[in-house]
Amino acid sequence: MSRIGKKPIVIPGGVEVKVAGSTVSVKGPLGKLDWSLEQGVDVAVNNGQLIVGRSSDDRKLRALHGLTRAELSNMVQGVTKGYERSLEITGVGYKTQVQGRTLSFNVGYINPVIYDVPTGIDVKVDKQTLINVKGVDKRLVGQVAADLRAIKPPDVYKQKGIRYAGETLRKKEGKTGK
């Protein structure tokens, strides 16, 4: 069996897990998430634990076994604690503003870059240069943070741009004059 897939997931208090056919629903204090199971992977709820199994030792099913267990674990953690990603904007005059469900970035382009925040994600801007992305879905939080970073990735020479909080960048040396 898969090393990750065979570990049971402990269901904390206040979290409700329902398995209906090929869909697993996890409902908690912060929200509700669904995951559709692949054929050959099954999920059972026993004594406050979520157990993932598979029907055969096929290579694809072994991979899906561990993936399903990891996704369900992330869902349980997401509806109880949630996920958060922080970004920093570095550069003279670089800033962002929240306008309803959109973000407006002034990061050195002629026109401001407008980003529509998807549903299920909360974005908070502090001091116009710090962005906090929060949500219950780990994949969606990570994707939104990656999309925001892609608007203006950090420059390797001057270190200007949007980066993850705590990200260390390798600084390249510029041309040397004679």
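Residues numbered from 1 in each chain as written. Predicted model: local features only at pLDDT ≥ 70, side-chain atom pairs only at ≥ 80, totals over all residues. Heavy atoms only, no water.

Student: How should I be thinking about the environment of T80 in this particular structure?
Tutor: Relative to the helices and strands, T80 is located in helix α1 (residues 59–80). Residue class for T80 comes out partly exposed when judged on its relative accessible area of 28%. The sequence separation of T80 and P12 amounts to 68 residues, and the corresponding C-alpha distance is 8.2 Å. Excluding its chain neighbours within four sequence positions, the residues that come into contact with T80 are P12, V15 and L30. (Helix = DSSP H or I, 4+ residues; strand = E, 2+ residues; numbered from the N terminus. Buried < 20%, exposed > 50% of the residue type's maximum accessible area, 1.4 Å probe, protein only. Contact = heavy atoms within 4.5 Å.)

Student: Sorry if this is basic, but what is going on with the sheet that holds strand β3 (residues 23–27) here?
Tutor: Read across the sheet, three strands follow the order β2-β3-β4 without closing on themselves; strand pairing throughout is antiparallel. Strand pairing shows two members of the sheet lacking a second neighbour, β2 (16–20) and β4 (32–36), which therefore form its edges. Looking at each pair of strands side by side, their axes are set apart by 15 degrees on average, direction ignored. Here β3 pairs with β4 via five bridges, running antiparallel. (Pairing = 2+ DSSP bridges. Axes fitted to C-alpha atoms, helices over the stretch in contact; angles between N-to-C directions.)

Student: What's the story with α1 in this structure? I'm lost.
Tutor: Since there are 3.6 residues in each turn of an α-helix, residues three or four apart along the chain are aligned in direction. The end-to-end C-alpha distance of α1 is 33 Å, a good match for the 32 Å that 22 residues give at a rise of 1.5 Å each. Positive backbone phi, at 85 degrees, marks G82, one or two positions downstream of α1. (Expected span 1.5 Å × (residues − 1).)

Student: Any chance you could explain the pairing of β4 here in plain terms?
Tutor: Within a regular beta strand, the side chains point alternately toward one face of the sheet and then the other, so they alternate between its two faces. Alternating positions in β4 separate cleanly, L33 and W35 being buried on one face and K32, D34 and S36 remaining unburied on the opposite face. Between β3 and β4, which pair antiparallel and follow one another directly, the connecting turn spans four residues, one of which, G31, has a positive phi of 160 degrees.

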